[in-house]
Amino acid sequence: MTPPAPSDAPRQATLWPGTVIGVLMILTCGLELAVVAADMGLIGSVRWRSLILQYGACWPGLVRNWQPNYAAQPWTMFFSYSLLHSGLLHLLGNMAMLLWVGPGLAARVGQLGFLLLWVGSVLGGGLVFVAMASATTPMVGASGAVFGLIGALVMYDYVLKGRYAKALGISAALAVLNVVMLIAENGLLAWQTHLGGYLAGGLIALCLTDRQPEPAAPD
């Protein structure tokens, strides 16, 4: 599966800082870089990472019987978690995937469509995580949204074109990848978020218009 890129112009137009992708990268990278600098004692306090996890991570216990740090936390955590990461490697992996699949997909659905796809995938990933994970496990990262982008591509390029075997094969490969990552990371992988984001991205794609034209048939 390759990221869609109808032409060089749409790809370039969707990367500058004023676009959805640019804003997402500035917010996400800026926040993690600030926390890394605090971890190193360059700015702020070494307590910053602990504090942002307490206030911004997705905590399943908050929809059960835990006391939130502020009244809206059980709601805002379903979105704030996607702006936080556990370190630079975690951040770089998600941002690399965003840069790979994001520009071409934004060219296909438009800036507003891309924002709806991203936010919907973040929400879907958070909801499935909360429903399936233990109450004591916090979750951060944009991987739910990234899997949502992949789910949208699978919907556009395979499911809606009747290439069901290919769509199933990609989905199975992603499932195997998650199992391998889960083992490699000793169980510290929010696979539930990946699943929720992937499903949400595919479903939201059905409601958005794919503006990429079909290839012209040869004469």
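Residues numbered from 1 in each chain as written. Predicted model: local features only at pLDDT ≥ 70, side-chain atom pairs only at ≥ 80, totals over all residues. Heavy atoms only, no water.

By size, the foremost hydrophobic cluster in this structure holds 39 residues, and its most contacted members are C58, M95, L98, L105, F114, W118 and L149. Elements supplying a minimum of two residues to this core: α2 (20-39), α4 (73-80), α5 (88-132) and α6 (143-159). The residues contacting F114, other than those within four sequence positions of it, are V20, I21, L24, L98, G102, L105, A106, V109 and L149. Counting nine residues, the second-largest nonpolar core is a separate cluster that includes V146, F147, I150 and A167. (Core = buried A, V, L, I, M, F, W, Y, C linked by side-chain atoms within 4.5 Å. Buried < 20%, exposed > 50% of the residue type's maximum accessible area, 1.4 Å probe, protein only. Helix = DSSP H or I, 4+ residues; strand = E, 2+ residues; numbered from the N terminus. Contact = heavy atoms within 4.5 Å.)

Next up on the list: the environment of V109. The residue V109 is located in helix α5 in this model. Residues V109 and T209 lie 100 residues apart in sequence; the distance between their C-alpha atoms is 5.8 Å.

What follows deals with unusual backbone geometry. Look at N186: it is not a glycine, yet its phi comes out positive at around 55 degrees. Locating N186 in the fold gives a position in the loop between α7 (164-184) and α8 (191-207). The class of N186 is exposed, set by a relative accessible area of 71%.

Next up on the list: the side chain of R108. Tracing the sequence through the fold places R108 in helix α5. At 3.0 Å, the side chain of R108 and the side chain of D157 are in polar contact. (Polar contact = N/O pair within 3.5 Å; in protein donor to acceptor, adjacent residues only side chain to side chain.)

The next subject is the pattern of salt bridges. Here the structure, examined in full by the defined rule, presents three salt bridges. When the shortest N-O distance is used, the salt bridge between D39 and R49 registers 2.8 Å. Placement of D39 in helix α2 and of R49 in helix α3 (residues 48-56) is noted, with a sequence separation of 10 residues between them. For D39, a relative accessible area of 37% gives the class partly exposed. In this structure, the salt-bridge partner of R108 is D157, at a minimum N-O distance of 3.0 Å. Residue R108 is located in helix α5, and its partner D157 is located in helix α6; the two are separated by 49 residues in the primary sequence. Side by side, R108 and D157 carry an identical accessibility label, which is buried. Taken together, the salt bridges that share partners define one network made up of E32, D39 and R49. (Salt bridge = Lys/Arg side-chain N within 4 Å of Asp/Glu carboxyl O.)

Another point: the layout of surface pockets. Put simply, the largest pocket is a space of about 890 Å³. H90, S143, L189, A190 and H194 are the residues nearest the centre of the largest pocket, which is lined by 33 residues in total. Those elements giving two or more residues to the lining of the largest pocket turn out to be α3, α5, α6, α7 and α8. Here the lining of the largest pocket takes seven residues from α5, the largest share from any one element. Classifying every residue of the lining of the largest pocket by side-chain character gives 20 nonpolar, 11 polar and two charged. As a volume, the second largest pocket reaches approximately 210 Å³. (1 Å grid on protein atoms, 1.4 Å probe; cavity = no way out; pocket = protein on both sides within 12 Å on 5 of 7 lines; lining within 4 Å. Points joined across faces, edges and corners; volume = space filled by probe spheres on them. Nonpolar A, V, L, I, M, F, W, Y, C, P; charged D, E, K, R; others polar.)

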